[in-house]
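Here's the letter readout for the chains.
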Amino acid sequence: MSAIEAPEPPLRLTPTGWTLLGLAGAAILLLLASLTGVIGKGNPLDTVFIDPFRQMKDAPDLLVQTVWEGLVSGVLYALIALGFVLIFKASGVFNFAQGIMVVFAGLTLVGFYEMGVPAFLALILTLGVMFLLAVSVERVVLRPLVNQPDIILFMATFGITYVLIGLGELVFGGNPKQMIADQLMLPKGSIEFPFAGGFVALQKIDIAAALIAALMIAALAFFFQKTRIGRALRAVADSHKAALSVGISLNQIWVIVWFTAGIVALVTGIMWGARSDVSFALQIIALKALPVLILGGFTSVPGAIVGGLIIGIGEKLGEFYWGPLVGGGIESWLAYFIALAFLLFRPQGLFGEKLIERI
Amino acid sequence: MFYREAGQFKTSYAADMAVFPIRQDRIGIAIILALAYLGIPALQNEFLLTSVMIPMLVFSLAAIGLNLLTGYTGLLSLGTGAFMGVGAYACYKLTTLFPGVNIIVWIVASGFVSAFVGVLFGLPSLRIKGFYLAVATLAAQFFLQWCFVRIPWLYNYNASGAIEVPQRTLFGLPVTGANATPETRYLVLLTLVVVLTWFASNIVHGRVGRAWMAVRDMDIAAELMGIRLLPTKLLAFAVSSFYCGVAGAAMMFLWYGGGEANDAFNINQSFTILFMVIIGGLGSLIGSFFGAAFISMLPTILKFGLPAIGIPLSGATAEHLTFLTVGVLIIFFLIVEPHGLARLWQIAKQKLRLWPFPY
Amino acid sequence: MTLRKLTLGTMAAAAVAGATAMALPASAQEIYVPLLTYRTGPFAGSGIPIADGMSDYLRMLNERDGGIGGVKLSVEECETGYDTKKGVECYESTKGKGAVMYNPYSTGITLQIIPKAAVDKIPILSMSYGLSASADGNVFPWVFIPPVTYWDGASVFIQHAAAVEGGLDKLKGKTIGLIHLDAPYGKEPIPVLEKLAATYGFTLKLYPIAAQDMQNQGSTWLNIRRDRPAWLYVQGWGAMNPTAVKEAAKNGFPMDRMVGVWFAGGDDDARGGGDGAKGYKALNYHQAGANYPVIQDIMKFIVDKGQSKAPKDKVGESLYNRGVYNAMLIAEGIRNAQKITGKKAITAEDARRGLEALNITDARLKEMGMEGFAAPLKLTCADHSGHNQVFIHQWDGAKWVKASDWITPQKDVVRPMLEAAAADYAKSNTGWPQRTEACEKGS
């Protein structure tokens, strides 16, 4: 306790506070202007700031449907982001190959099934393939490149991407394939219920996706918190050297995280595949995980989930209510601007570890 | 034996600070330039010019641009493709609005437009770092790409939605358009690349370059030494985008000769150029050339070269194997030398100095 | 170190060998036909059956008839991956071998090589894709776009919608949507639809899908649900189509009100939708199915001998047959060139004349075993498209079936627009060459 207390200034806000205050003020002003009729319908300010909310009020069923769609895609983005986070946490590698791993896992599964293997056996065999992949990535790529700068490891995963594209197309061909959703007992059809004058349709497959994703996240959390390997993983994430010195095998841990990321990729592949089809075009959706990842922070599992939901819901609402104003299709970049806006206030992402810089 | 600087004395500071202090290096550069200017056009091989050399030069220019930002200043960018696109569209608008001005002037001028856009998207770089900064540049990538499709003014309301390159001449010879011979286009591009490389070399060896490198190595330390971070980082963004913009304009006008620009400047292009920089060597101008040559020429050589030397491969299988091989080679080179091909080159030169009598 | 040197050495050797030994002309006794195909990449699903159909038909001609007019065809596929850069590479590497014509099979590649065609004097056969304006033969003597353009397609779609609604006047006040890939290809039909919207008084709504969101169309379909368009036209490609069909089924959009352009009418596009896709319509200009003598011949000479890359059950699917139809146009162009010039081994310039005077009559179709497979086609000096008839086919849950008569595009609307666009193109490409190529007699 210091003897002299500095006098506290009466109102002192951080830049963040000022920005939020400013935004809130502008919102109230706009609302007042709209209510008093200063800004009428058709005014550009009204079109951009007031009218979308009026639409939300007028057709709540569409609002609910939009939020639901956002929720589902958010969960699916979170699934891909989860794969990234697992690997980044444990090995510091920004895994560019996660997208192609999703395709590869999906193709392997369908490929086995087409060869006449029963669906669930194919699932197990695919897991085996993903395990082999994890082992070979660790042996061939990670082990020789240990202790290299992040960007080099990032580059190496690009090499893996090329190899997987080549290998996948060589073995399975480039044809798009139908995901074996029925055989895997995934539900289809939808539940529709009337809501506020309209209807809301929930796809059963989407519900299943949300449930499975939630289960997976719970299982992963349990694995991380309660098991021996999970503890070792967290130790490695904190410090490679300290973990090595207490006798944790880095190589073994790496195989485990890459395998876990492979499982996540397989689940993602099944879910996205069931929504459209399994083809090499699917690898593009991995890019959607980047803003999620950055928003949530590279090292945080809850961050990936919350980030996924914010991005998913935000971009669907944005596209649906504001997209038509500029001709639509803004979904492709909106996610990045949402993430950017958050980053300006928290440069390490919402849940990322605080950056401490020393000379 | 031949590569030895014994007997070459420096009598002034200027001589000591020369970019090529060793006489043999200067001779080597002269030979390479002579080969590039006289030898390659003399082969009269149109395929070599249009599909191997011109792409390589365009990519080298873009890779130099990104290397100034990522390699020298340590700011990761994934928006290279979009900045190239800005250059291409700017050049198209400028040359159609003012057809009287020489096209070379506009190719260079479009770099300034791109630099301006680069600075805008570089603004967050003061607060956001590392992979997180990549999101700001990804926002640029997707937003600009969306603009390229959605703002018809940019492509002069063409029904095809593509850039249509008009014929422009230099000293009476057509440089752009279908009637420009590959030789003319190649020589113009080569001159552009040589001049801009010389500029870049002067920038990085001067005060600005040293400030950049100080920021790369540790920005807080650099700030404490009196380097103002924001102007330095923004200058890096500006110069880098300038190079990318010129590369984009050159790509559309001297290589592609018009076409679906949205497709040419997509996210994959950004990644490709980043990988050229990494595999060539971060923070090395010659590395940019190596990287560009490696990534842009390797698939072409594998695809067309292997059948030519009697390894029969065709169609899709060849393409798959190409992917596989490129991936394996990327990983291989990273393991052999994580600091890129430029480093390999340096080691080779070091060895050559002592050859044939290493101590 | 030795390994390093060895690798570098091999690569350097390959580079030199690859660069020098590139342009070996094919032997004079063969006609060299390069096929720019894509069996890899995100669009491979649509590319593979087309590539199979093209190469199977041409090789069948070699096996059955010994080529065309006694000259064997030398068919070479060059993989583009639907990537413009690779496509242009393919063009550059094959043009020196005596290519008689090019089939770029991508709008991007077509746009790239159109300016080169007149310089290299090799015709481009962009079958119902590419630059719609290139239907004007007076401006684009080297580019052919039979049998229809995207602009014709859009007008046929409107005619079909009007026919179902009970007349063109019934379209007034209706909303018609266009869901399209957000790229030049997807935006092709917009000018025609806008013009027709002004004429017939319907509202046009656009739903662009960015390439990276092809499989993620949720919010677009919410917009469609809000706007409730009476009809929907799909100008999509690759993975965008099955996703759109699935989303339509999911959102309860009436499938028989959703019409795809011919490139959205593949079997894989509809199959993904399962039962929900039943009733989905698409435009087409050739039939699907294997019950045509020509397909049976391909079966007999190629597929049954195990020389086809296509699995037997895929032969006869819609996109496979599109490849066959395209290959037929190539072959007929060559045959016609032989007839006009009297030469056996024709050059690219002869092939251009052959294509320009192409006249495939009903009798000729029957001769080729394609009776009822496609409509007759006649190109002229000015008309490089034919603006041929199109029909609607409908997915019955397992296969495509013909669901309408042949519909003639509104040439009176489309043709003036095309000519204006062609003039614009020539104007903005300063230095665009005037047509100097003479027209054939009687065309």
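The structure presented is a predicted model; accordingly, all values stated were derived computationally and were not measured. (Residues numbered from 1 in each chain as written. Chains lettered and ligands numbered in written order. Predicted model: local features only at pLDDT ≥ 70, side-chain atom pairs only at ≥ 80, totals over all residues.)

### What about the overall build of chain C?
Basically, it comes down to this: We count a stretch as a helix when DSSP gives it H or I for four or more residues in a row; a strand needs E for two or more, and each element gets its number in order from the N terminus. Atoms counted for the radius of gyration: C-alpha only. Globule rule: 2.2 Å times residue count to the power 0.38. Exposure classification rests on a simple neighbour count of other C-beta atoms within 10 Å of a residue's own: a residue reaching 20 or more is buried, one at 12 or fewer is exposed, and one in between is partly exposed. C-beta atoms are placed from the backbone. We call two residues in contact whenever the C-beta atoms placed from their backbones are within 7 Å.
Helix and strand counts for chain C come out as 15 helices and 13 strands. By the compact-globule yardstick of 22 Å for 443 residues, chain C fits well, its C-alpha radius of gyration being 22 Å. Along the first, second and third principal axes, the C-alpha set of chain C runs to 65 × 65 × 50 Å. Within chain C, buried positions represent 61% of all 443 residues. Restricting to contacts in chain C with at least 6 residues of sequence separation, those with at least 24 account for 70%.

### Description of the overall build of chain B
Assigned secondary structure in chain B consists of 15 helices and two strands. For 359 residues, the compact-globule estimate of 2.2 N^0.38 gives 21 Å, and chain B sits close to it at 21 Å. Evaluated residue by residue, chain B yields a buried proportion of 54% over its 359 residues. Taking the intrachain contacts of chain B between residues at least 6 apart in sequence as the baseline, contacts between residues at least 24 apart amount to 75%.

### Concerning the interface of chain B and chain C
Put simply, the rule reads: Gly is put with the polar residues, along with every residue not named as nonpolar or charged; the nonpolar set is Ala, Val, Leu, Ile, Met, Phe, Trp, Tyr, Cys and Pro, and the charged set is Asp, Glu, Lys and Arg.
On the side of chain C, 40 residues touch chain B, which itself brings 43 residues to the contact. Looking at the side of chain B that touches chain C, the elements that each hand over two or more residues are α3 (46-72), α11 (261-264), α13 (285-308) and α14 (315-336) of chain B. Examining the composition of the side of chain B that touches chain C, we find that seven residues originate from one element, α13 of chain B, more than from any other. For the side of chain B that touches chain C, the residue count by class is 19 nonpolar, 19 polar and five charged.

### A closer look at the domain arrangement of chain C
Residues and elements named next belong to chain C. In plain terms, the rule: For each domain, the first and last residues come from an automatic or database assignment.
One can read the domain layout of chain C as domain 1 (29-148 + 289-388) and domain 2 (150-284 + 392-412). Computed from C-alpha atoms alone, the centre-to-centre distance between domain 1 and domain 2 is 27 Å. The set of elements that each furnish at least two residues to the side of domain 1 that touches domain 2 consists of α2 (44-65) and α12 (318-341). A per-class count over the side of domain 1 that touches domain 2 returns five nonpolar, seven polar and one charged.

### Description of the pairing of strand β12 (residues 391-395) of chain C
Side chains on a regular strand alternate between the two faces of the sheet. Residues and elements named next belong to chain C. Basically, it comes down to this: Should DSSP find at least two bridges between two strands, the strands are regarded as paired.
Within β12, four of the five residues are buried, which leaves the element mostly enclosed by the surrounding structure. Taken together, the four bridges between strand β9 (residues 281-284) and β12 define a ladder with antiparallel strand orientation. Its bridge partner being in β12, Leu283 is matched across the sheet by Ile392. With three bridges connecting them, β12 and strand β13 (residues 400-402) associate as antiparallel partners.

### Points about the interface of chain A and chain B
Many authors give the size of an interface as the accessible area that is lost as the parts come together. Each partner contributes to the interface: chain A provides 39 residues, whereas chain B provides 33 residues. Residue assignment for the side of chain A that touches chain B shows that the elements contributing at least two residues are α5 (119-142), α6 (150-172), α11 (289-296) and α13 (331-345) of chain A. By residue number, the principal contributor to the side of chain A that touches chain B is α6 of chain A, which donates 14 residues. The residue inventory of the side of chain A that touches chain B, partitioned by class, reads 30 nonpolar, seven polar and two charged.

### Here's the deal with the sheet that holds strand β5 (residues 175-181) of chain C
All names here are of chain C. The following threshold applies: Note on geometry: axes are lines fitted to C-alpha atoms, helical ones only across the stretch in contact, with angles between N-to-C directions running from 0 to 180 degrees.
Strand order in the open sheet formed by seven strands is β6-β5-β7-β8-β9-β12-β13, with mixed pairing between adjacent strands. Edge strands, defined here as strands with exactly one partner in the open sheet, are β6 (203-209) and β13. Strand-to-strand twist of the sheet, defined as the mean angle between neighbouring strand axes without regard to direction, takes the value 30°. Across the sheet, helix α8 (residues 218-227) lies against β5 and β6, angled at about 165° from β6, the strand it touches most.

### A word on the environment of Asp405 of chain C
Considering the arrangement of structural elements, one finds Asp405 of chain C in the loop between β13 and α15 (411-428). Taking the C-alpha atoms as reference points, Asp405 of chain C and Ala282 of chain C, separated by 123 residues in sequence, lie 13 Å from one another.

### Some remarks on α15 of chain C
All names here are of chain C. For clarity, the threshold we go by: What a helix is expected to span follows from its residue count: subtract one and scale by 1.5 Å. What the arc measures is the spread of directions leading from the helix axis to the C-beta atoms.
Spanning 18 residues, α15 covers 25 Å between terminal C-alpha atoms, matching the ideal 26 Å at 1.5 Å per step. Within the sequence span of α15, burial applies to Val414, Arg415, Leu418, Ala421, Ala422, Tyr425 and Ala426. Across the axial projection of α15, the buried residues extend over an arc of 135°, all falling on one side. Of the exposed residues in α15, those oriented more than 90 degrees away from the buried face are Asp412, Pro416 and Lys427. Residues of α15 that are buried make contact with α5 (150-165) and α7 (190-200).

### With respect to the packing of α11 of chain A against helix α12 (residues 301-322) of chain A
Between two packed helices, the angle of one axis relative to the other and the distance separating the axes together describe the packing. All names here are of chain A. Heads up, the condition is: Each angle is binned into one of four classes, with values under 35 degrees roughly parallel, values over 145 roughly antiparallel, values of 65 to 115 roughly perpendicular, and all other values oblique. Two helices cross in a left-handed way if the nearer one is turned anticlockwise from the farther one by less than a right angle. They cross in a right-handed way if the turn is clockwise.
Where α11 contacts α12, the axes come no closer than 8 Å and their chain directions differ by 120°. Our classification of the angle between α11 and α12 gives oblique. In this structure, α11 meets α12 at a crossing whose hand is right-handed. Counted together, Pro291, Val292, Leu293, Leu295 and Gly296 of α11 and Gly303, Ala304, Val306, Gly307, Gly308, Ile310 and Ile311 of α12 form the full contact between these two elements. Partitioning the contact of α11 with α12 into residue classes produces eight nonpolar, four polar and no charged.

### A closer look at the confidence of the model for chain C
Residues and elements named next belong to chain C. This is how it is decided: pLDDT runs from 0 to 100 and stands for how confident the predictor is about each residue.
Here chain C shows a mean pLDDT of 85. Residues at 70 or above account for 93%. Here helix α1 (residues 2-20) stands out as the element of chain C with the lowest mean pLDDT, 47, in contrast to strand β7 (residues 231-235), whose mean of 93 is the highest. For residues 1-6, every residue scores under 50 in pLDDT, and the model assigns this stretch one contact once sequence neighbours within four places are set aside. A low-confidence stretch, residues 11-27 (pLDDT under 50), is modelled with 34 contacts involving residues beyond four sequence positions or located in other chains. In the predicted assembly, ipTM is 0.82 and pTM is 0.88.

### Observations regarding the environment of Ser132 of chain C
Residues and elements named next belong to chain C. If you trace the backbone, Ser132 turns up in the loop between β3 (124-125) and β4 (143-144). The spacing of Ser132 and Tyr150 is 18 residues in sequence and 6.4 Å in space, taken between C-alpha atoms. Excluding its chain neighbours within four sequence positions, the residues that come into contact with Ser132 are Thr149, Tyr150, Trp151, Glu188, Leu418 and Ala421.

### Focus on the nonpolar core
Inclusion rule: By definition, a nonpolar core groups buried Ala, Val, Leu, Ile, Met, Phe, Trp, Tyr and Cys residues that connect through C-beta atoms lying within 7 Å of each other.
Ala81 and Ala339 of chain A together with Leu61, Ala62, Val135, Tyr243 and Ala250 of chain B are the most contacted members of the largest nonpolar core, which totals 374 residues. Residue contributions to this core reach at least three from each of two domains, namely domain 1 (29-148 + 289-388) and domain 2 (150-284 + 392-412) of chain C. Setting aside chain neighbours within four positions, we find Ala250 of chain B in contact with Val58, Leu61, Ile107, Leu189, Leu192 and Trp255 of chain B.

### Section: the packing of α13 of chain A against helix α6 (residues 131-150) of chain B
Where α13 of chain A meets α6 of chain B, the closest approach of the two axes is 8 Å, and the angle between their N-to-C directions is 145°. Between α13 of chain A and α6 of chain B lies a crossing of left-handed hand. Facing α13 of chain A, whose interface residues are Ser332, Trp333, Tyr336, Phe337, Ala339, Leu340 and Leu343 of chain A, α6 of chain B presents Tyr132, Val135, Ala136, Leu138, Ala139, Phe142, Phe143 and Trp146 of chain B. Split into classes, the residues belonging to the contact of α13 of chain A with α6 of chain B amount to 14 nonpolar, one polar and no charged.

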